[in-house]
Amino acid sequence: MERTYIMVKPDGVERGLVGEIVQRFEKKGYQLLALQLLHPTKQHLEQHYADLAGKPFFPKLINYMLTGPVVGMVWGGKGVVKTGRVMLGATNPLDSAPGTIRGDYCVDVGKNLCHGSDSVESAEKEIALWFPDGVRAYKRHVDSLIYE
Ligand code: DAT
Ligand code: MG
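Residues numbered from 1 in each chain as written. Chains lettered and ligands numbered in written order. Predicted model: local features only at pLDDT ≥ 70, side-chain atom pairs only at ≥ 80, totals over all residues. Heavy atoms only, no water.

The name given to the protein chain in an unreviewed UniProt entry is Nucleoside diphosphate kinase, with the source organism recorded as Dimargaris verticillata. For the protein chain, the Catalytic activity (unreviewed entry) comment in UniProt is given as "a 2'-deoxyribonucleoside 5'-diphosphate + ATP = a 2'-deoxyribonucleoside 5'-triphosphate + ADP". Quoted verbatim from the Cofactor (unreviewed entry) heading of the UniProt record, the comment on the protein chain is "Mg(2+)". (UniProt positions renumbered as here; feature names shortened; annotations may be inferred.)

This is the structure we're talking about:
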(Lines give C-alpha, C1' and ligand atoms only; values in the text may rest on other atoms or scores of the structure.)
(Ligands and ions follow the chains in the order given, each with its own letter.)
Protein backbone atom coordinates (compact mmCIF):
# COMPACT_ATOMS: atom_id res chain seq x y z
CA MET A 1 0.00 0.00 0.00
CA GLU A 2 1.22 3.52 -0.80
CA ARG A 3 2.08 5.49 2.34
CA THR A 4 2.90 9.09 3.14
CA TYR A 5 4.25 11.00 6.12
CA ILE A 6 2.02 13.90 7.20
CA MET A 7 3.16 16.14 10.05
CA VAL A 8 1.31 18.87 11.88
CA LYS A 9 3.92 21.54 12.61
CA PRO A 10 4.17 23.31 16.03
CA ASP A 11 1.82 26.14 14.99
CA GLY A 12 -0.83 23.64 13.92
CA VAL A 13 -0.54 21.71 17.18
CA GLU A 14 -0.73 24.87 19.30
CA ARG A 15 -3.65 26.25 17.28
CA GLY A 16 -5.67 23.11 17.88
CA LEU A 17 -5.73 21.99 14.24
CA VAL A 18 -4.55 18.40 14.74
CA GLY A 19 -8.11 17.07 14.82
CA GLU A 20 -9.13 19.02 11.72
CA ILE A 21 -6.17 17.72 9.73
CA VAL A 22 -6.68 14.14 10.91
CA GLN A 23 -10.36 14.40 10.06
CA ARG A 24 -9.75 15.50 6.49
CA PHE A 25 -7.61 12.43 5.80
CA GLU A 26 -10.07 10.18 7.62
CA LYS A 27 -13.07 11.51 5.74
CA LYS A 28 -11.26 11.15 2.42
CA GLY A 29 -10.98 7.44 3.13
CA TYR A 30 -7.26 7.14 3.79
CA GLN A 31 -6.04 4.79 6.48
CA LEU A 32 -4.30 5.98 9.64
CA LEU A 33 -1.28 3.73 10.13
CA ALA A 34 0.65 5.61 12.84
CA LEU A 35 0.38 8.77 14.92
CA GLN A 36 2.63 10.37 17.53
CA LEU A 37 3.19 13.66 19.33
CA LEU A 38 6.90 14.28 19.52
CA HIS A 39 9.36 17.00 20.62
CA PRO A 40 11.90 16.60 17.83
CA THR A 41 15.58 17.42 18.26
CA LYS A 42 17.40 19.90 16.02
CA GLN A 43 19.41 17.03 14.57
CA HIS A 44 16.26 15.07 13.73
CA LEU A 45 14.72 18.07 11.95
CA GLU A 46 17.93 18.79 10.06
CA GLN A 47 17.83 15.21 8.82
CA HIS A 48 14.16 15.50 7.84
CA TYR A 49 14.85 18.69 5.87
CA ALA A 50 18.36 17.66 4.66
CA ASP A 51 17.46 18.43 1.02
CA LEU A 52 16.90 22.09 1.97
CA ALA A 53 20.13 22.51 3.98
CA GLY A 54 21.56 25.02 1.49
CA LYS A 55 18.49 27.28 1.37
CA PRO A 56 18.65 30.74 2.95
CA PHE A 57 15.48 30.05 4.98
CA PHE A 58 16.84 26.76 6.41
CA PRO A 59 17.90 28.08 9.87
CA LYS A 60 14.58 29.88 10.28
CA LEU A 61 12.70 26.75 9.23
CA ILE A 62 14.53 24.62 11.81
CA ASN A 63 13.92 27.21 14.56
CA TYR A 64 10.22 27.32 13.71
CA MET A 65 10.01 23.55 13.84
CA LEU A 66 11.64 23.63 17.30
CA THR A 67 9.05 25.97 18.83
CA GLY A 68 6.89 23.09 20.12
CA PRO A 69 5.87 19.50 19.63
CA VAL A 70 4.80 18.14 16.25
CA VAL A 71 2.25 15.47 15.45
CA GLY A 72 3.54 12.99 12.90
CA MET A 73 1.34 10.52 11.09
CA VAL A 74 1.54 7.82 8.49
CA TRP A 75 -1.43 7.59 6.14
CA GLY A 76 -1.98 4.86 3.58
CA GLY A 77 -4.07 4.44 0.47
CA LYS A 78 -4.29 4.78 -3.29
CA GLY A 79 -2.43 7.89 -4.48
CA VAL A 80 -1.98 9.14 -0.91
CA VAL A 81 1.37 10.89 -1.54
CA LYS A 82 0.18 13.10 -4.39
CA THR A 83 -3.37 13.57 -3.16
CA GLY A 84 -2.10 14.23 0.37
CA ARG A 85 -0.10 17.17 -0.94
CA VAL A 86 -3.11 18.46 -2.86
CA MET A 87 -5.07 18.31 0.41
CA LEU A 88 -2.33 20.30 2.20
CA GLY A 89 -2.17 22.97 -0.51
CA ALA A 90 0.74 24.89 -2.06
CA THR A 91 3.87 25.54 0.04
CA ASN A 92 3.05 29.25 0.20
CA PRO A 93 -0.39 29.51 1.82
CA LEU A 94 -1.21 32.59 -0.26
CA ASP A 95 -0.99 30.34 -3.33
CA SER A 96 -2.98 27.52 -1.70
CA ALA A 97 -6.50 27.05 -3.01
CA PRO A 98 -9.37 27.56 -0.61
CA GLY A 99 -10.53 24.13 0.55
CA THR A 100 -6.97 22.98 1.16
CA ILE A 101 -5.59 22.92 4.71
CA ARG A 102 -3.05 25.71 4.10
CA GLY A 103 -5.55 27.59 1.95
CA ASP A 104 -8.10 27.54 4.76
CA TYR A 105 -6.00 28.00 7.90
CA CYS A 106 -2.78 29.97 7.36
CA VAL A 107 -1.14 32.92 5.61
CA ASP A 108 2.68 32.90 5.77
CA VAL A 109 5.05 30.31 4.26
CA GLY A 110 7.09 30.34 7.48
CA LYS A 111 4.02 29.20 9.43
CA ASN A 112 2.34 26.85 6.98
CA LEU A 113 0.96 24.34 9.50
CA CYS A 114 1.76 21.02 7.96
CA HIS A 115 4.19 18.83 6.08
CA GLY A 116 3.51 16.14 3.49
CA SER A 117 6.00 13.89 1.68
CA ASP A 118 6.64 14.91 -1.93
CA SER A 119 7.24 11.46 -3.46
CA VAL A 120 6.79 7.79 -2.62
CA GLU A 121 10.55 7.52 -2.15
CA SER A 122 10.83 10.46 0.27
CA ALA A 123 7.71 9.22 2.09
CA GLU A 124 9.40 5.89 2.84
CA LYS A 125 12.57 7.69 3.96
CA GLU A 126 10.60 10.03 6.23
CA ILE A 127 8.54 7.18 7.70
CA ALA A 128 11.77 5.33 8.54
CA LEU A 129 13.19 8.50 10.13
CA TRP A 130 10.14 9.35 12.26
CA PHE A 131 8.98 5.82 13.04
CA PRO A 132 12.22 3.86 13.38
CA ASP A 133 10.44 0.97 15.14
CA GLY A 134 8.34 0.41 12.03
CA VAL A 135 4.68 0.81 11.17
CA ARG A 136 2.37 -2.16 11.25
CA ALA A 137 -0.21 -2.66 8.51
CA TYR A 138 -3.75 -3.73 9.39
CA LYS A 139 -6.83 -4.77 7.46
CA ARG A 140 -9.80 -2.41 7.32
CA HIS A 141 -13.26 -3.80 6.68
CA VAL A 142 -14.32 -0.40 5.35
CA ASP A 143 -11.93 -0.66 2.39
CA SER A 144 -14.63 -2.56 0.49
CA LEU A 145 -16.77 0.60 0.67
CA ILE A 146 -13.96 2.92 -0.51
CA TYR A 147 -12.15 0.95 -3.23
CA GLU A 148 -13.80 -0.65 -6.28
P1 DAT B 1 6.68 21.73 1.23
O2 DAT B 1 6.54 21.84 2.73
O3 DAT B 1 5.46 22.26 0.53
O4 DAT B 1 7.08 20.37 0.76
P5 DAT B 1 9.43 22.52 0.77
O6 DAT B 1 9.78 21.10 1.02
O7 DAT B 1 9.96 23.17 -0.46
O8 DAT B 1 7.85 22.74 0.81
O9 DAT B 1 9.92 23.41 2.01
C10 DAT B 1 9.80 22.92 3.33
C11 DAT B 1 9.32 24.04 4.21
O12 DAT B 1 10.27 25.10 4.20
C13 DAT B 1 8.01 24.70 3.76
O14 DAT B 1 6.88 23.99 4.20
C15 DAT B 1 8.12 26.05 4.38
C16 DAT B 1 9.60 26.35 4.29
N17 DAT B 1 9.88 27.12 3.07
C18 DAT B 1 9.88 26.68 1.79
N19 DAT B 1 10.17 27.65 0.92
C20 DAT B 1 10.35 28.77 1.68
C21 DAT B 1 10.66 30.13 1.39
N22 DAT B 1 10.86 30.53 0.14
N23 DAT B 1 10.75 30.99 2.44
C24 DAT B 1 10.57 30.59 3.70
N25 DAT B 1 10.27 29.32 4.05
C26 DAT B 1 10.17 28.42 3.06
MG1 MG C 1 8.83 19.33 1.12
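The next point concerns the UniProt feature "binding site: ATP" (unreviewed entry) in the protein chain. Following the UniProt record, one finds the feature "binding site: ATP" (unreviewed entry) at K9, F57, R85, T91, R102 and N112. Secondary-structure assignment places T91 in the loop between α5 (80–88) and α6 (101–105). The exposure class of T91 is partly exposed, given its relative accessible area of 45%. Not counting chain neighbours up to four residues away, the residues in contact with T91 comprise R102, V109 and N112. As for its position among the elements, R102 is in helix α6. Ignoring sequence-local partners within four residues, the contact set of R102 consists of K9, L88, G89, A90, T91, P93, S96, N112, C114 and H115. (Helix = DSSP H or I, 4+ residues; strand = E, 2+ residues; numbered from the N terminus. Buried < 20%, exposed > 50% of the residue type's maximum accessible area, 1.4 Å probe, protein only. Contact = heavy atoms within 4.5 Å.)

What the rule picks out here adds up to three aromatic pairs. Between Y5 and W130, the aromatic rings sit 5.5 Å apart at their centres with planes inclined by 10 degrees, giving stacked as the arrangement. Taken together, the positions of Y5 in strand β1 (residues 3–8) and W130 in helix α7 (residues 120–130) put the pair 125 residues apart, joining distant regions of the chain. Overall, the relative accessible area of 0% leaves Y5 in the buried class. On the basis of relative accessible area, W130 is assigned to the buried category, the value being 3%. Pairwise contacts between aromatic rings join Y5, W130 and F131 into one cluster. (Phe/Tyr/Trp six-rings, centres within 6.5 Å; stacked < 30°, edge-to-face > 60°.)

Around ligand 1 sit K9, Y49, L52, F57, L61, R85, T91, R102, V109 and N112, and those are all the residues in its vicinity. The contact in question runs from an oxygen atom of ligand 1 to an N or O atom on the side chain of R85, over 2.8 Å. With respect to ligand 1, the side chain of R102 contributes an N or O atom lying 3.3 Å from an oxygen atom. Calculation on ligand 1 without its partners gives an accessible area of 510 Å², and the protein chains cover 74% of this total. By residue class, the composition of the shell around ligand 1 is five nonpolar, two polar and three charged. (Near = heavy atom within 4 Å. Polar contact = N/O pair within 3.5 Å; in protein donor to acceptor, adjacent residues only side chain to side chain. Areas by Shrake-Rupley, 256 points an atom, 1.4 Å probe, with all protein chains shown as cover. Nonpolar A, V, L, I, M, F, W, Y, C, P; charged D, E, K, R; others polar.)

Ordered by their spatial adjacency, four strands build an open sheet running β2-β3-β1-β4, and the pairing between neighbours is antiparallel. Every other strand in the sheet has two partners, leaving β2 (31–38) and β4 (114–116) as the edge strands with one partner each. Neighbour to neighbour, the strand axes of the sheet diverge by 15 degrees on average, direction disregarded. Sheet topology places β1 next to strand β3 (residues 70–76); six bridges connect them, and they run antiparallel. Its bridge partner lying in β3, V8 is registered against V71. (Pairing = 2+ DSSP bridges. Axes fitted to C-alpha atoms, helices over the stretch in contact; angles between N-to-C directions.)

So, on to the pairing of β1. The side chains of a regular strand alternate, first on one face of the sheet and then on the other. Counting buried residues along β1, five of its six residues qualify, which places the element largely inside the surrounding structure. With three bridges joining them, β1 and β4 adopt antiparallel strand pairing. For M7, the partnering residue across the bridge sits in β4 and is H115.

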